[in-house]
Amino acid sequence: MRGLEIKTAGMKALEESVLFRTMTKEEILDVIDAMDPRVRRFQKKDMILQDGELVGSMMIVLSGKIHLFHIDPNGNSNLLEVPGPGDTVGMLNAVGKYRLHVSAMALEETELLLIDVDPLLRGDSPITPLQLRFLRNLTVALAQKAHDLTVKLEDSVRRSTREKLQDYLSARYHEEKSRTFSIPLNRQELADFLFADRSAMSKELCKMRDEGLLKFEKSKFELLIKMPMTDEEMDPNEKL
């Protein structure tokens, strides 16, 4: 693939990304070749993106994990997302040419694929059928991202601390398909992600434990109820 080297694990992450769904390995390599692909590697705690930066490329996580966070004028850190393999970073900014309102830091050794969508969106060359499939996938990915941000905004404004915890733990339940799972966040990070006060959140967790809803030890949780606390919202684009 024209000098670009992607490891097996990274290729698997691309195949599982919504951007390349229904594409074969060779089709994925062909379509990204038109977008100036390059791989960048980061060590734990490396800053990847800074708030206010103008982003020209979208990033796809090939391996590792990232913290996306925003620091408000009072110095409070709000954790927005924890992208992992197959997830995208900076997609809205790269497509819309907007400056970032978040920062990104590597949680562990992380490898990213950077691609520029401008040649397909704003270029003069004819679009191939394969590139058109990618742009359709990109449209769906943008819609999903906008939906997720809307839900997070609504939750942060309207929901109680318990409801935020229930939604988060239920999402993990649906993702792991098990009532026993670990979360990738410590207590402060979880509070930042839920836009909640850490002390109030910890008290609510203890109440839920005392009510027999769950057990927990550090990052390990077990839901004790027969059904998930919140129903999973089906994605209407999954079968497209």
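Please read all numbers here as calculations on a predicted model, not as lab measurements.

Draft legend 1. Focus on the environment of Ala 104. Locating Ala 104 in the fold gives a position in strand 7 (residues 103–106). Its relative accessible area of 1% is what places Ala 104 among the buried residues. Residues Ala 104 and Val 82 lie 22 residues apart in sequence; the distance between their C-alpha atoms is 9.4 Å. Setting aside anything within four residues of it in sequence, one finds Ala 104 in contact with Asp 46, Met 47, Ile 48, Leu 49, Ile 66, His 67, Leu 68 and Phe 69.

Draft legend 2. Region of the structure containing the packing of aromatic side chains. One pass over the structure, following the stated rule, counts four aromatic pairs. Measuring from centroid to centroid gives 5.6 Å for Tyr 168 and Phe 193, while their planes differ by 65°, and the two rings are edge-to-face. Residue Tyr 168 is located in helix 6 (residues 161–176), and its partner Phe 193 is located in helix 7 (residues 187–193); the two are separated by 25 residues in the primary sequence. Classification of Phe 193 as buried rests on a relative accessible area of 18%. Taken together, a centroid distance of 6.4 Å and an interplanar angle of 15° make the contact between Phe 181 and Phe 221 stacked. Residue Phe 181 is found in strand 9 (residues 180–182), and its partner Phe 221 is found in strand 11 (residues 220–223); the two are separated by 40 residues along the sequence.

Draft legend 3. Spatial organisation of the pairing of strand 8 (residues 110–115). Of all the six residues making up strand 8, six are buried; the element is thus mostly covered by neighbouring parts of the structure. Of the two faces of strand 8, the one carrying Thr 110, Leu 112 and Leu 114 and the one carrying Glu 111, Leu 113 and Ile 115 are both buried. Where strand 1 (residues 38–42) meets strand 8, five bridges bridge the pair, whose relative direction is antiparallel. For Arg 40, the partnering residue across the bridge sits in strand 8 and is Leu 112. Pairing of strand 3 (residues 58–63) with strand 8, which is carried by five bridges, proceeds in the antiparallel orientation. The partner of Ile 60 across the bridge, within strand 8, is Leu 113.

Cut-offs applied
- Residues numbered from 1 in each chain as written.
- Predicted model: local features only at pLDDT ≥ 70, side-chain atom pairs only at ≥ 80, totals over all residues.
- Heavy atoms only, no water.
- Helix = DSSP H or I, 4+ residues; strand = E, 2+ residues; numbered from the N terminus.
- Buried < 20%, exposed > 50% of the residue type's maximum accessible area, 1.4 Å probe, protein only.
- Contact = heavy atoms within 4.5 Å.
- Phe/Tyr/Trp six-rings, centres within 6.5 Å; stacked < 30°, edge-to-face > 60°.
- Pairing = 2+ DSSP bridges.

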